[in-house]
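# Topology and contacts: notes
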Protein chains: 2
Amino acid sequence: MRVLVTGGSGLIGRHAVAALVEQGLEVHLVTRQSGASSSLLQGATAHAVDLFDGAAVDRLLDQLRPSHLMHLAWDTTHGFFWQSPNNLDWLAASMRLTRSFVKAGGQRIVGAGTCAEYDWTDPALRTGDCMELGTPLRPHLLYGVAKKSCFETLESYARSADIEFAWGRVFLLYDPLENAKRLVFSLFEAIGAGRRASCTDGRQIRDFMPASEVGRAFASILTSPVNGSINIGSGEPQAIAELAMHIGRLFGRPDLVGLGDLPSRPDDPPRLVPDVRRLFEEVGYRPAITQSLALQAYAQAMA
Amino acid sequence: MRVLVTGGSGLIGRHAVAALVEQGLEVHLVTRQSGASSSLLQGATAHAVDLFDGAAVDRLLDQLRPSHLMHLAWDTTHGFFWQSPNNLDWLAASMRLTRSFVKAGGQRIVGAGTCAEYDWTDPALRTGDCMELGTPLRPHLLYGVAKKSCFETLESYARSADIEFAWGRVFLLYDPLENAKRLVFSLFEAIGAGRRASCTDGRQIRDFMPASEVGRAFASILTSPVNGSINIGSGEPQAIAELAMHIGRLFGRPDLVGLGDLPSRPDDPPRLVPDVRRLFEEVGYRPAITQSLALQAYAQAMA
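Not measured: the values here are computed from a predicted model.

### Some details on the interface of chain A and chain B
Counting residues at the interface gives 23 residues for chain A and 23 residues for chain B. If you sort the residues of chain A by the area they bury against chain B, A:Leu88, A:Arg99 and A:Thr153 come out on top, with a joint share of 27%. At the junction of chain A with chain B, the criterion picks out four salt bridges. For B:Arg99, the salt bridge is made with A:Asp89, and the minimal N-O distance between the two is 3.0 Å. Applying the counting rule to chain A against chain B returns 13 residue pairs in polar contact (both at pLDDT 80 or more). Put simply, the parts of the chain that give the side of chain A that touches chain B at least two residues each are α3 (86–103) and α5 (142–161) of chain A. Broken down by element, the residue count for the side of chain A that touches chain B peaks at eleven residues, all from α5(A). Looking at side-chain class alone, the side of chain A that touches chain B contains eleven nonpolar, seven polar and five charged residues.

### Notes on the pattern of salt bridges
Here the structure, examined in full by the defined rule, presents 34 salt bridges over all chains. Its salt-bridge partner being A:Arg265, residue A:Asp267 comes within 3.3 Å of it at the nearest N-O pair. Look at A:Asp267 and you get exposed, because its relative accessible area is 58%. Where B:Asp261 meets B:Arg196, a salt bridge forms, and the shortest distance between an N and an O atom there is 2.8 Å. Within this pair, whereas B:Asp261 is found in the loop between β13 (257–258) and β14 (271–272), its partner B:Arg196 is found in the loop between α6 (183–192) and β8 (197–198), the two being separated by 65 residues in sequence. B:Asp261 sits in the partly exposed class, given a relative accessible area of 33%. Residue B:Arg196 is classed as partly exposed on the basis of its relative accessible area, which comes to 48%. Taken together, the shared-partner salt bridges connect A:Lys148, A:Glu152, B:Lys148 and B:Glu152 into one network.

### Let's talk about the side chain of A:Arg278
All names here are of chain A. One can find Arg278 in helix α9 (residues 277–283). Of the residues examined, Arg278 reaches a relative accessible area of 19% and is grouped as buried. Residues in contact with Arg278, not counting those within four places in the same chain, are Leu133, Val226, Asn227, Gly228, Ser229, Ile230 and Val283.

### So, the relation of the copies chain A and chain B
With an RMSD of 0.0 Å, chain A superimposes on chain B once it is rotated by 180 degrees and translated 0.0 Å along the axis. Here the two chains are linked by the operation of a two-fold rotation axis. Using C-alpha coordinates, one finds that chain A approaches the rotation axis most closely at A:Ala92, a distance of 1.9 Å. Most of the interface of chain A is mirrored in chain B, where 100% of its interface residues again form contacts.

### Observations concerning helix α1 (residues 13–22) of chain B
Residue and element names in this part refer to chain B. Among the ten residues in α1, eight count as buried, and that is most of the element. Of all the residues in α1, the buried ones are Gly13, Arg14, His15, Ala16, Val17, Ala18, Ala19 and Leu20. Looking at the buried residues of α1, the elements they touch are β1 (2–6), β2 (26–31), β4 (68–71) and α7 (211–223). Backbone geometry just downstream of α1 places Gly24 in the positive-phi region, at approximately 85 degrees.

### Some details on unusual backbone geometry
The general pattern is negative phi for most residues beyond glycine and trans for most peptide bonds. All names here are of chain A. One non-glycine residue with positive phi stands out, namely Asp162, at about 60 degrees. Position of Asp162 among the secondary structure elements: in the loop between α5 and β6 (164–170). For Asp162, a relative accessible area of 65% puts it in the exposed group.

### Quick notes on the nonpolar core
One finds A:Leu61, A:Met95, B:Leu61 and B:Met95 to be the most contacted residues of the largest nonpolar core, which totals 71 residues. Secondary structure elements with two or more residues in this core: α2 (54–64), α3, α5 and β6 of chain A together with α2 (54–64), α3 (86–103), α5 (142–161) and β6 (164–170) of chain B. Residue contributions to this core peak at nine residues, all from α3(B). Those residues in contact with B:Met95 that sit more than four places away from it in its chain are A:Leu88, A:Leu91, A:Ala92, B:Cys150, B:Thr153 and B:Leu154.

### Section: the pairing of strand β1 (residues 2–6) of chain A
Residue and element names in this part refer to chain A. With four of its five residues buried, β1 lies for the most part within the structure. When β1 meets strand β2 (residues 26–31), the two strands line up parallel, connected through five bridges. Residue pairing across strands places Val5 opposite Leu29, the latter belonging to β2. In terms of handedness, the path from β1 via helix α1 (residues 13–22) over to β2 forms a crossover that is right-handed. Bridge analysis of β1 against strand β4 (residues 68–71) gives four bridges, and the strand direction is parallel. The residue bridging Thr6 from the neighbouring strand is His71, located in β4.

### Describing the confidence of the model for chain A
On average, chain A scores 93 in pLDDT, and the residues at 70 or more come to 96%. In the model output, the complex is listed with pTM 0.94 alongside ipTM 0.93.

### Thoughts on the packing of helix α8 (residues 240–250) of chain B against helix α10 (residues 291–302) of chain B
All names here are of chain B. It is at 11 Å that the axes of α8 and α10 come closest, and there the two elements cross at 55 degrees. When the interaxial angle is binned, α8 and α10 end up oblique. Crossing handedness for the pair α8 and α10: right-handed. Mapping the contact onto sequence places Leu243, His246, Ile247 and Leu250 in α8 and Gln291, Ser292, Leu295, Gln296 and Ala299 in α10.

So, how was this worked out
Residues numbered from 1 in each chain as written. Chains lettered and ligands numbered in written order. Predicted model: local features only at pLDDT ≥ 70, side-chain atom pairs only at ≥ 80, totals over all residues. Heavy atoms only, no water. Contact = heavy atoms within 4.5 Å. Buried area = accessible area lost by both parts, 1.4 Å probe. Salt bridge = Lys/Arg side-chain N within 4 Å of Asp/Glu carboxyl O. Polar contact = N/O pair within 3.5 Å; in protein donor to acceptor, adjacent residues only side chain to side chain. Helix = DSSP H or I, 4+ residues; strand = E, 2+ residues; numbered from the N terminus. Nonpolar A, V, L, I, M, F, W, Y, C, P; charged D, E, K, R; others polar. Buried < 20%, exposed > 50% of the residue type's maximum accessible area, 1.4 Å probe, protein only. Least-squares fit on C-alpha atoms with pLDDT ≥ 70 in both. Core = buried A, V, L, I, M, F, W, Y, C linked by side-chain atoms within 4.5 Å. Pairing = 2+ DSSP bridges. Right-handed = clockwise from strand over helix to strand, strands pointing away. pLDDT = per-residue confidence, 0-100. Axes fitted to C-alpha atoms, helices over the stretch in contact; angles between N-to-C directions. Parallel < 35°, antiparallel > 145°, perpendicular 65-115°, else oblique. Left-handed = near helix turned anticlockwise from the far one by under 90°.

Written out as structure tokens, the structure is:
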């Protein structure tokens, strides 16, 4: 079993690579420049190939002939990716990569989807139910539309080409290396510096997962025989206020959590919670760390 | 107004090009090889560019800077295209072409969709209703899935990039240059040679359109301000048996139409009829010829 990972040096990818290496698999990753490195990538072989260069991708796949492909690469530039025209380029690159992989004898593909593929106006989100796999896919922004197009086309192609295909839908994650404007980072940054962290009322229910666990979930999916779409989440939804207070208490300063300082956004769904039964029951994923430990590690990484 | 047409030498494309030239527009077309020519393409400028070569497409668009793009090119190899892996390549090429077109200042895109994007198991197809634009999009084969992905991604992109986008869904067409295994060609061929043409019972209701009219409909859509999906059809659905008998009578040999010789396919929907109100009422398309004249022209072209 030889695995090629794209986006392997990204927030999720580096943890997926580490989890695959730990399982003793032969892991290769595509990086934009040969310099990219992280201790998490030790034991994997990096290849500097531009995924937008179809001929170069063909050559790499033909040379490596991986049996498994974990395709995580996509533009996720904070604040920009939702409506970025780059989503078209990534959809195109994903199609070409798949063709190259299958031509080179590849057998199983795992791709990265998103909770933004779902219909966030679905009434189930107001009545307390989870986003089940039967929740309608009705994305409102280009990122979700392009990801859904990638999912639907690859799933149909995999059926006709008789290869295996799974699609892990990522919900919310946090990581010390994430963009400084993201919620968890900004909470740590403000409270760690003794400043008040302004929040909404924080009543929105979400399922946050450390990026390391999202990476481990992808590794579990890759080595499982499960096909189709699989929600990736901790299975422990919580109010954003609860998470924020947890971080406040880590620093002994829950008073710095400014719940209600900011108005709620009217388009912010009250619940965005995945049904994770497939991940836990069929794939057999189990978390390695609790949220408490993950947040402690986050604090240490930022110190 | 400068128009670039892809697939301009194809069954539909050559008629679309002729209709655009007739309207006095500056028309350019992309062809696979410089040799491709047809009297219908006179007045248009052909460019031999491989649509899978992103750099070459970029150069062409940058040089031409067309205001309008009519993107008809796709793999439609008879008997092969439904599940062909080439559908992934065409989805990718469509994304890249769109990016190049918009980067070069393009303003309006018209793409070619298919009735295969719709859910053919929709109960409306059994109760006599048309395929309205509200009929669920639930394609069953890769061709329909890839076309739907192209439609949804480009529609979302066009909204975010503030360009115009329309999508003409093609139903059934006939043309003397079509593949010899297609229904109308095989009817003409057999009956014209005095042989019995074996058919099913022919009770399926369809909307057949000459390729010349499909091309004219695309030209009307391009020069209209209408956006979104538009079914392309004659608005005159008929039983396949009726069309077959029409062809039989053209040769004075209705006795050669072997209705019921072949078993009906269980997956063949009883009705596949577009609601064409948008095309006729909003776009303002009007047919140039009747079906009778189109079939007479077909017979002459084959003689």
